[in-house]
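Coordinates in review
Below, each chain spelled out in residue letters.
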Amino acid sequence: MNRWLIVVGREFKTRVRKRAFIIATLLGPILMVGAIVVIAFLAEQATHSDAKVLFVDHNNLITYSLSGSEGVRIPSCTECFSERSFLEYRFTNQALTTEEFIDSDFTAMLELDDGIMQSAKAVLQYEVAPSIRVTSAIKRDLGEAVERLRVKNESSLDYETYKRLKVRIGLVTQDIVTQDKNVQHKTGVGFAFAMFMFMFIMIYGMHVMRGVIEEKSNRIVEVVISVIKPEHLMSAKMVGIGLVGLTQIFVWSLLSWILFIAFGFYAESSGLLVNLMSEQGTQVAATDFSSFLEASDDLNVLMQIDWFMMVGWGAFFYVAGFALYASLFAAIGAAVESEADAQYLLLPAMLPLMFSYMVNMMILESPESMLATVCSFIPFTSPITMMIRLSVGVPWWHVLISALILVVTVYIMIKMAGKVYRTGILMYGKKPTLREMFRWLIYKN
Amino acid sequence: MNTVKDSKYSALELIAVRKQYGDHTALDGVSLNVPEASIFGLLGPNGAGKTTLIRMVAGITGPDSGSISFFGKSLTSEHINEVGYLPEERGLYKNMRVGEQAMYFARLRGMSKAVARKELLDWFERLEVDGWWNREVSDLSKGMAQKIQFIVAVIHKPKFLILDEPLSGFDPINAARIRKEIIRLRDEYGTTILLSTHDMSSVDELCDHVALINHGRKILDGPVDSLREKARAGKIDLIFRGNLISFTAALGSGAVLHSANSTGDNVHEVVLGLPESIPIEKFLKWVTTEVDVLSCSPQSVSMDDVFLRAVQDSGANKIEQS
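Now for a description of the structure that goes with this document.

About the criteria used
- Residues numbered from 1 in each chain as written.
- Chains lettered and ligands numbered in written order.
- Predicted model: local features only at pLDDT ≥ 70, side-chain atom pairs only at ≥ 80, totals over all residues.
- Helix = DSSP H or I, 4+ residues; strand = E, 2+ residues; numbered from the N terminus.
- Buried ≥ 20, exposed ≤ 12 C-beta atoms within 10 Å, placed from the backbone.
- Contact = placed C-beta atoms within 7 Å.
- Pairing = 2+ DSSP bridges.
- Axes fitted to C-alpha atoms, helices over the stretch in contact; angles between N-to-C directions.

**Looking at the overall build of chain B**
- When helices and strands are counted, chain B shows 10 helices and 14 strands.
- Along the longest, intermediate and shortest principal axes, the C-alpha atoms of chain B span 75 × 45 × 35 Å.
- Counting across all 322 residues of chain B, residues that qualify as buried make up 37%.
- Summarising the internal contacts of chain B: among those between residues at least 6 apart in sequence, 71% fall at separations of at least 24.

What follows is the structure, encoded as structure tokens:
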């Protein structure tokens, strides 16, 4: 036992104090938030290549001519085409030829005729592909102009009245039993948990394999297993490395929570909250962060998620899922002598993991489908798929049965992997086939 | 062959040990007796079963049948702390510092932190690797790393030490130093050392006893001196000037002519086997009357010769000597 703890300690310590681990663990949440900000910023920057669009109004629908200046036209609704820093409009009723367009300084040309009144479709030709920001601005501007025209032509209403009467439905979905609203947002949270699960099992499972290969290739394993049973060495390695993963999960959770709370304080004190709410058009006058979240359709999911249950079961499924895959990876590591040799054995071991990752994409769409239910019971996929089901709510006995199946499978896998491991680590000089590895299962020591 | 019985106590005794891996018989009824406080050379071509035997003594595997006794008791996991093991082609953990790594292995052998540290520092100084305590393993030269591995194997003062090719990778100066340390361990601490090696010169220099195994069977064992003597088997090298044919005719049935080689000018080098009934002095007296003897000496036999001859005699044609 004492020796076992010494091995666990070594596996844990040597990894936790690595610079890369410390940086990833402390900066992980900050970097993730930072990455999102940077991407948003870059996306913003990308659209700053200014667009200059020529509207060719063939039938003079939305523009009128200013007497004296030939070809140049003015929009009838000037406020529809408001000025934007990244977008400039010019209006005419004479289309340019392709050559003329290319020679001009316009980046895009939009032609419209009577047809738009019925089809509500226009063609935008471009020399430089316009950004989404530009196209959505054009769509909005032109849409309003055409809308105004239609209201004027086909009704007796003035546009302001029309706008007031127009209805846009916001759909709030609610589970009749749990009273939970907007479950699809919760699925997103579950999906994030599942992604982290996949990532951690993968990364730390590979750590186990690499550790086993290192010990085997430098023969240290012979010294160690002369003082501790191979099965115990394997379990100590898995526990040590699994704890490294748990440490990272714990620190990340803690840091994210602190960041979240800190952001809340900042938002409350800086007036950002008020700005955000006026932008979102939230009716409730929330002064504190939590009631702001409560009031937001998109963010109130954060308040509804049972974080303790998610984190608790998440930790369980991580530990069990890690044990399952890590024992598989340990057996593979023991069978080969270098990481390059491990590739052909890794593929079959990783397939179920990859499969659950892909299935997750589908489950995200319909978390209460048959596929989701089945996959949440299969031990090789359940650690990942169960997280999504947990986020939207799942009968407690489903979770319990799934957990039981997983634990039993883990026990069997560790026993089997231990046998392969014990034989494999002392074999040198040949690559075993899968069949040989199965034979090791029945070897006596 | 006879088992060595010239020491009062045996540190390790194997009786009819067998080990099978699938269809392959790694050890086929091997019996060995390693006397206490001796250096015992374990020899044999690659794949002979040496590694299997070593792993059993190191406690990594057990025999399918037969018994292993360790200082008179059956070998069990209780003896872990009394065995030291330096495997072949060994390495160190890359992600640990030298001292920390040495501490880890010392503690795995049951040493307390304080004692381990003190003993390690002594050894570091003795082998001139002090100052490397806090360095990265990747900074070590091959020889340095080998020294650390040696220290790690002996740090807990094991009663029984297994060294698999301990001198490979050392330059001649450091090899001599390690050799000295091995001898010191035997002489000062009474450590019993099982030394597996292909390096016959270190067998000649270090070993008190040897055993030779091939194809999972022991084909030879005994004290080094008596094995040499036996291999020599009364053979003498004789160089003389004279007529080879009349010399041969005169030998009669008493002695056997193993080989003859003419170097010209009527000088011949011959290897003769004398029966025990003819002492060498009597033979010399007789032979000087027949030919002009230039030199006569008992044939010099190295362990290399003993090794090769024994392997050949055992009927193995596939010798992969490295």
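Now that the structure is up, let's keep going.
**Considerations on the overall build of chain A**
- The secondary structure content of chain A amounts to 18 helices and six strands.
- Taking all 445 residues of chain A together, 31% fall into the buried category.
- Counting only contacts in chain A whose residues sit at least 6 apart along the sequence, the fraction spanning at least 24 positions is 70%.

**What to know about the sheet that holds strand E13 (residues 267-273) of chain B**
Residue and element names in this part refer to chain B.
- With respect to topology, four strands assemble into an open sheet ordered E12-E13-E11-E14, the strand pairing being antiparallel. The sheet is open, and its two edges are formed by strand E12 (256-264) and strand E14 (292-298), each paired on a single side. Between one strand axis and the next, the sheet turns by 15° as a mean value, whatever way the strands run.
- Direction of pairing for strand E11 (residues 235-241) relative to E13: antiparallel, over a ladder of seven bridges. Considered in E13, the bridge of Leu238 is made with Val270.

**Observations regarding the interface of chain A and chain B**
- Contact residues are listed per partner, giving 15 residues for chain A and 23 residues for chain B.
- Looking at the side of chain A that touches chain B, the elements that each hand over two or more residues are helix H1 (2-16) and helix H8 (220-225) of chain A.
- Of the residues forming the side of chain A that touches chain B, the biggest block, five residues, is contributed by H8(A).

**A short note on the sheet that holds strand E3 (residues 39-43) of chain B**
All names here are of chain B.
- Reading across from one edge, E6-E7-E8-E3-E9-E10 is the order of the six strands in this open sheet, with mixed pairing throughout. This sheet does not close on itself; its edge strands, each paired only once, are strand E6 (83-86) and strand E10 (217-223). When strand polarity is set aside, the average angle formed by the axes of neighbouring strands in this sheet is 15°.
- Examined bridge by bridge, E3 and strand E8 (residues 192-196) share four bridges and lie parallel to one another. Bridge pairing in E8 links Ile39 to Ile193.
- Contacts from helix H4 (residues 142-154) reach E6 and strand E7 (160-164), with the element oriented near 160° to E6.

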